[in-house]
Amino acid sequence: MLKECTILTFNETEKLRNDLDRIIEDLTKVVNDDCDSVSSQTICDYAVNDLRKIRMQFT
């Protein structure tokens, strides 16, 4: 059950979608062991940081 409802503008929705797409793309690289010269730990750290930023937008 939703306790709160946040309505996003089109631009906010597109930014959120792009941010999530980038995180998914980066984590897919980790899963496929295709990280180029960046360590998988670094990519995961960035992903967690980005997800925390997204989460903070809703508090």
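Novice: Before we go on, may I ask you to explain the packing of helix H1 (residues 10-31) against helix H2 (residues 40-56) in this structure?
Specialist: A pair of packed helices is characterised by two quantities: the angle between their axes and the separation of those axes. In contact at an axis separation of 9 Å, H1 and H2 are set at 160° when each is read in the N-to-C sense. As judged from the angle between their axes, H1 and H2 are roughly antiparallel. H2 is crossed by H1, and the crossing has left-handed handedness. Contacts from Leu16, Asp19, Leu20, Arg22, Ile23, Asp26, Leu27 and Val30 in H1 reach Ser40, Ile43, Cys44, Ala47, Asp50, Leu51 and Ile54 in H2. Here the contact of H1 with H2 is built from residues that sort into 10 nonpolar, 1 polar and 4 charged.

Novice: Please explain a nonpolar patch on the surface as it appears in this structure.
Specialist: Judged by side-chain polarity, Leu20, Ile24 and Leu51 come together as a nonpolar surface patch covering roughly 240 Å² of accessible area. Mapping Leu51 onto the fold places it in helix H2.

Novice: Help me understand the environment of Ile23 in this model?
Specialist: On the secondary structure map, Ile23 appears in helix H1. Distance in space between the C-alpha atoms of Ile23 and Cys5 is 24 Å, their sequence separation being 18 residues.

Novice: Would you mind showing me how to read the pattern of salt bridges here?
Specialist: Two side chains bearing opposite charge may form a pair once their charged atoms approach each other closely. If you walk through the whole model with that rule in mind, you get 4 salt bridges. Residue Arg22 pairs with Asp19 through a salt bridge whose shortest N-O separation is 3.3 Å. Of the two residues, Arg22 and Asp19 both sit in helix H1, 3 residues apart, roughly one turn of that helix. A residue is classified by how much of its surface remains accessible, and Arg22, at 37% relative accessible area, is partly exposed. The exposure class of Asp19 is buried, given its relative accessible area of 13%. In this structure, Asp50 and Arg22 form a salt bridge, with 2.9 Å as the shortest nitrogen-oxygen distance. Within this pair, whereas Asp50 is found in helix H2, its partner Arg22 is found in helix H1, the two being separated by 28 residues in sequence.

What counts and how
- Along every chain, residues carry numbers that run from 1 in the direction the sequence is written.
- Since the coordinates come from a predicted model, pLDDT governs what is reported: local features require at least 70, and pairs of side-chain atoms require 80 or more to be given and counted, while whole-chain, interface and lining totals use all residues.
- Side-chain descriptors were evaluated using all non-hydrogen atoms of the structure, hydrogens and water having been removed beforehand.
- Note on method: axes are straight lines fitted to C-alpha atoms, helices fitted across the in-contact stretch only, with angles between N-to-C directions ranging 0 to 180 degrees.
- Secondary structure elements follow DSSP: runs of H or I of four or more residues count as helices, runs of E of two or more count as strands, with numbering from the N terminus.
- Should an angle fall under 35 degrees it is taken as roughly parallel, and over 145 as roughly antiparallel, whereas 65 to 115 is taken as roughly perpendicular and any remaining angle as oblique.
- By definition, turning the near helix anticlockwise from the far helix through less than a right angle yields a left-handed crossing, and turning it clockwise yields a right-handed one.
- Note on definitions: a residue-residue contact is assigned when non-hydrogen atoms from the two residues lie within 4.5 Å.
- When residue character is reported, Ala, Val, Leu, Ile, Met, Phe, Trp, Tyr, Cys and Pro are called nonpolar, Asp, Glu, Lys and Arg charged, and the others, Gly included, polar.
- The residues that make up patches have over 30% relative accessible area and no salt bridge, and they are joined within 9 Å when like-charged or within 5 Å when they are Val, Leu, Ile, Met, Phe, Trp or Tyr.
- Each accessible area is a Shrake-Rupley result for a 1.4 Å probe, and residues are judged covered by the shown protein chains and nothing else.
- Whenever Lys or Arg places a side-chain nitrogen within 4 Å of a carboxyl oxygen from Asp or Glu, that contact is recorded as a salt bridge.
- A simple rule labels every residue: compare its accessible area, found with a 1.4 Å probe on the protein chains alone, to the largest value its type can have, and call it buried under 20%, exposed over 50%, or partly exposed in between.

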